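In case you want the letters, here they are:
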Amino acid sequence: TSDDQCAQLAGRIRGRGDAVTGDLIVTTLSGLADLLIPSLVRFQADHPHLAVRFLTDERLFRLEYGEAHVALRAGSAPQEPDNVVQPFARQAVALFGARSYIERRGKPDSVEALQSHDFVGYDDPDSRAPYAIWMKKNVPFDRVVFRAEDGRVQQEAVRAGAGLGFMAEQEGRADPDLVQILPAQEDWSSPLWLVTHVDLHRTPKVQAFLKHLKDYATERDKA
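Let me sum up the structure you'll find in this document. Small disclaimer: the values here were computed from a predicted structure and weren't measured. (Residues numbered from 1 in each chain as written. Predicted model: local features only at pLDDT ≥ 70, side-chain atom pairs only at ≥ 80, totals over all residues. Heavy atoms only, no water.)

Burial within strand 5 (residues 93–98) is extensive, with six of its six residues counted as buried. Along strand 5, one buried face is formed by Val93, Leu95 and Gly97 and the opposite face, lined by Ala94, Phe96 and Ala98, is buried too. Bridge analysis of strand 5 against strand 8 (residues 165–168) gives four bridges, and the strand direction is antiparallel. In the strand pairing of strand 8, Leu95 is matched with Phe166. (Buried < 20%, exposed > 50% of the residue type's maximum accessible area, 1.4 Å probe, protein only. Helix = DSSP H or I, 4+ residues; strand = E, 2+ residues; numbered from the N terminus. Pairing = 2+ DSSP bridges.)

Quick look at the packing of aromatic side chains now. Within the structure shown, the criterion is met by six aromatic pairs. Linked through ring pairs, Tyr122, Tyr131, Trp134, Phe166 and Trp188 together constitute an aromatic cluster. Of note, Arg62 hangs over the ring of Tyr65, and the distance from its end group to the ring centre comes to 4.4 Å. (Phe/Tyr/Trp six-rings, centres within 6.5 Å; stacked < 30°, edge-to-face > 60°. Lys NZ or Arg CZ within 6 Å of the ring centre and 35° of its normal.)

Our next topic: unusual backbone geometry. The phi angle at Asp82 is positive, at roughly 70°, despite the residue not being glycine. Looking at the secondary structure, you find Asp82 in the loop between strand 3 (70–74) and strand 4 (83–88).

Attention shifts here to helix 4 (residues 130–138). Within the sequence span of helix 4, burial applies to Tyr131, Ala132, Trp134 and Met135. All buried residues of helix 4 project into a common sector of 160° when viewed along the axis, lining one side. When the buried face of helix 4 is taken as reference, the exposed residues oriented beyond 90 degrees from it are Lys136 and Lys137. Looking at the buried side of helix 4, the elements it contacts are strand 5, strand 6 (119–121), strand 7 (144–147), helix 5 (151–159) and strand 8. (Arc of directions from axis to C-beta. Contact = heavy atoms within 4.5 Å.)

Reported here for the largest pocket is a volume of approximately 870 Å³. Along its surface, the largest pocket is lined by 38 residues, and Leu29, Leu32, Ala74, Tyr122 and Ser190 are the ones closest to its centre. At the level of elements, strand 1 (22–28), strand 3, helix 4, helix 5 and strand 8 are the ones that each hand at least two residues to the lining of the largest pocket. Here the element with the most residues in the lining of the largest pocket is strand 3; it accounts for four residues. Broken down by class, the residue content of the lining of the largest pocket amounts to 18 nonpolar, 13 polar and seven charged. (1 Å grid on protein atoms, 1.4 Å probe; cavity = no way out; pocket = protein on both sides within 12 Å on 5 of 7 lines; lining within 4 Å. Points joined across faces, edges and corners; volume = space filled by probe spheres on them. Nonpolar A, V, L, I, M, F, W, Y, C, P; charged D, E, K, R; others polar.)

Here is the structure:
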């Protein structure tokens, strides 16, 4: 409709400009927040006239409507027309448990030993999240005793000792209250994609942030 076309145009016009000022709207799933927040904080500090708006939701924000400047998405490559899609660093995911849980239940020393442990996972037994697919093959669903669809909620439940669960390896290792149970496996993580709308992709603000984020990811991988 003409109203939709006007909304699209107005949203994209708001994203244009020659300076790295105004709002920078970035969106991703809440489970990927730890990957973006330190980078966003540093970028905003480098550009003090910029305000960061970080939107986390399960729904896909409409870049063609100007709802976001940059999206970080996981899974298969996004296919929406008029979007620029670039591969991004793959985030290593590993299995962790809280020290309080390990003290209470012990630490499993093999995949077979996981059968007798409690897990934190998705409420949907057919979730397509990579580690959920692995869990379906290796962990009885009745052992998933704490279930939530929000990845951040799952991680907080693991920290609280509800059961073993999955999170970014670097984030889990940085928490002294967590114990890594198994090393990262590639089939527990999803490929990540940076997505921008073609009309905003070349703007100075978006280009500056994309470069900053890629440089930050490279530094993080070397650390």
